[in-house]
Amino acid sequence: MTVSASPRLGKRLRAVLRQARALPGAAIARAVTRTPRARHFSGAFDTRAAAQEAVIRRGGQGYDDAAISEVSFDLMCQRTAWDYPVMFWLQRFLPDADALIDAGGHFGTKYIAFQDLIDLRPIRWNVYDLPAIVHAARRRQGRGGLPVEIAFHTDVTTLPAAQILLCSGLLQYQDIAFPDFVATLPDRPEYIILNKVALRDGPELYTIEKIGAGCVPYRMRNRSIFEAQINVMGYDILDSWNIPNLGHVISTHPWLGRSESRGYVLRCKTFQK
């Protein structure tokens, strides 16, 4: 038996649909992010500025926030399945390197996670992160809670020239284009290891991720455009892997589909023979 909607209900539904189609995407995102129910990912925005405005309206500050600096520290120090491709390539590159930049490296959690399987003592491990994160890391290191071998930086001008750039979980939070960031480094790294890059088949978008008591803009890039950028930067993709467990659906915008999380190993073309 088929149940049909009453004329009055059908009229209301058609009116709601007309109103929704008339709203720009940003307006819909603003409406859904006002809901009180906590979501891991919510809202969809065309620009980072629009996502950051929504974060501020929710009382957040973005990633440079002391309220989230200590969140999940112990968990991030544990090795996960998607760390092993990084360790495989890192171990191959270490004999030819004396310094590494761990961009967005938080408290040096990858150094801590890898150090009992890889001898990291010969390399200078430099974490580059935001002031709130680095301040908390130095405070913890001063209490003996972090390895003294890790150096922390908030300014790219204080970073050493390094043969290896590691970006594990950075790109979705970075507020500048990745090629522009690499161009600011003291020297062009021969190798770049990327992990947990959030990608999608459709147009690039931003959403809001809840982290502890705070929230931050979260970027999902178009995969084809991102990989074309790598080539324009002068790098070849040596390896790439998918991380199925880290794909995400925006709970307020499920029709936009599931994002993909990937890792990459890049080598600068100018170093190749």
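Caption draft 1: A look at the pattern of salt bridges. Applying the stated criterion across every chain, the model contains 10 salt bridges. Residue arginine 267 pairs with glutamate 190 through a salt bridge whose shortest N-O separation is 2.7 Å. Remark: glutamate 190 occurs in the loop between helix 9 (178-184) and strand 6 (191-200) and arginine 267 occurs in strand 10 (residues 260-268); sequence separation between them is 77 residues. The class for arginine 267 is partly exposed, based on a relative accessible area of 21%. On the basis of relative accessibility, which here comes to 13%, the residue glutamate 190 falls in the buried class. The salt bridge partner of glutamate 260 is arginine 223, with a shortest N-O separation of 3.5 Å.

Caption draft 2: Layout of the confidence of the model for the protein. With 81% of its residues at a pLDDT of 70 or more, the protein has an overall mean of 85. Below pLDDT 50 for its whole length, residues 16-38 participates in 19 contacts with residues either more than four positions away or in separate chains.

Caption draft 3: A look at unusual backbone geometry. Its identity is not glycine, yet histidine 106 carries a phi of approximately 60°, on the positive side. Checked against the element boundaries, histidine 106 lands in the loop between strand 2 (99-103) and helix 7 (109-114). Backbone geometry at lysine 196 places phi at a positive 60°, although glycine is not the residue there. Relative to the assigned elements, lysine 196 resides in strand 6.

Caption draft 4: Highlighting the packing of aromatic side chains. For the structure on display, the rule yields eight aromatic pairs. For the ring pair tyrosine 111 and tryptophan 125, a centre distance of 5.3 Å and an interplane angle of 80° mean the geometry is edge-to-face. Taken together, the residues span a long stretch of sequence, with tyrosine 111 in helix 7 and tryptophan 125 in strand 3 (residues 124-128) at a distance of 14 residues. In terms of burial, tyrosine 111 and tryptophan 125 fall into one category: buried. When the ring of tyrosine 173 is compared with that of tyrosine 218, the centres are 5.7 Å apart and the planes differ by 80°; the resulting orientation is edge-to-face. Of this pair, tyrosine 173 sits in the loop between strand 5 (164-168) and helix 9 while tyrosine 218 sits in strand 8 (residues 214-222), and the two are 45 residues apart along the sequence. Among the residues examined, tyrosine 173 registers a relative accessible area of 17% and is labelled buried. For tyrosine 218, a relative accessible area of 4% corresponds to the buried category.

Caption draft 5: Broad picture of the nonpolar core. Counting 36 residues, the largest nonpolar core has Leu90, Phe114, Leu120, Ile123, Trp125, Ile164 and Ile193 as the members making the most contacts within it. Elements supplying a minimum of two residues to this core: helix 6 (84-93), helix 7, strand 3, helix 8 (131-142), strand 4 (150-153), strand 5 and strand 6. Listed in part, the 26 residues of the second largest apolar core include Ala162, Leu185, Met233 and Tyr235.

Caption draft 6: Looking closely at helix 3 (residues 48-57). Every buried residue of helix 3 is listed here: Ala51, Gln52, Ala54 and Val55. End-on, the buried residues of helix 3 take up no more than an arc of 155°, which puts them together on one face. Backbone geometry just downstream of helix 3 places glycine 59 in the positive-phi region, at approximately 90°.

Caption draft 7: Summary view of the environment of tyrosine 84. In this fold, tyrosine 84 is placed in helix 6. Residues tyrosine 84 and phenylalanine 114, 30 residues apart in the sequence, show an inter-C-alpha distance of 9.3 Å. Beyond its immediate sequence surroundings of up to four residues, tyrosine 84 is in contact with Arg79 and Leu117.

Caption draft 8: Molecular detail of the pairing of strand 8. Across the nine residues of strand 8, nine count as buried, placing the element largely inside the fold. For strand 7 (residues 205-211) and strand 8, the ladder comprises seven bridges, and the chain directions are antiparallel. Bridging from a neighbouring strand, tyrosine 206 pairs with arginine 219 of strand 8. Remark: two residues form the turn of the hairpin made by strand 7 and strand 8, two consecutive strands paired antiparallel; glycine 212 in that turn has positive phi of roughly 60°.

Caption draft 9: Highlighting helix 10 (residues 223-233). If you check which residues of helix 10 are buried, you get Phe226, Ile230 and Met233. One face of helix 10 carries all of its buried residues, which in axial projection span an arc of 65°. Away from its buried face, by an angle of more than 90 degrees, helix 10 presents the exposed residues Ser224, Ile225 and Val232. Where helix 10 is buried, its residues meet helix 9, strand 6, strand 8, strand 9 (235-242) and strand 10. The N-capping residue of helix 10, defined by a side-chain oxygen 3.1 Å from the backbone nitrogen of serine 224, is asparagine 222. Phi turns positive one or two residues past the end of helix 10, at glycine 234, with a value near 95°.

Conventions and cut-offs
Residues numbered from 1 in each chain as written. Predicted model: local features only at pLDDT ≥ 70, side-chain atom pairs only at ≥ 80, totals over all residues. Heavy atoms only, no water. Salt bridge = Lys/Arg side-chain N within 4 Å of Asp/Glu carboxyl O. Helix = DSSP H or I, 4+ residues; strand = E, 2+ residues; numbered from the N terminus. Buried < 20%, exposed > 50% of the residue type's maximum accessible area, 1.4 Å probe, protein only. pLDDT = per-residue confidence, 0-100. Contact = heavy atoms within 4.5 Å. Phe/Tyr/Trp six-rings, centres within 6.5 Å; stacked < 30°, edge-to-face > 60°. Core = buried A, V, L, I, M, F, W, Y, C linked by side-chain atoms within 4.5 Å. Arc of directions from axis to C-beta. Pairing = 2+ DSSP bridges. Polar contact = N/O pair within 3.5 Å; in protein donor to acceptor, adjacent residues only side chain to side chain.

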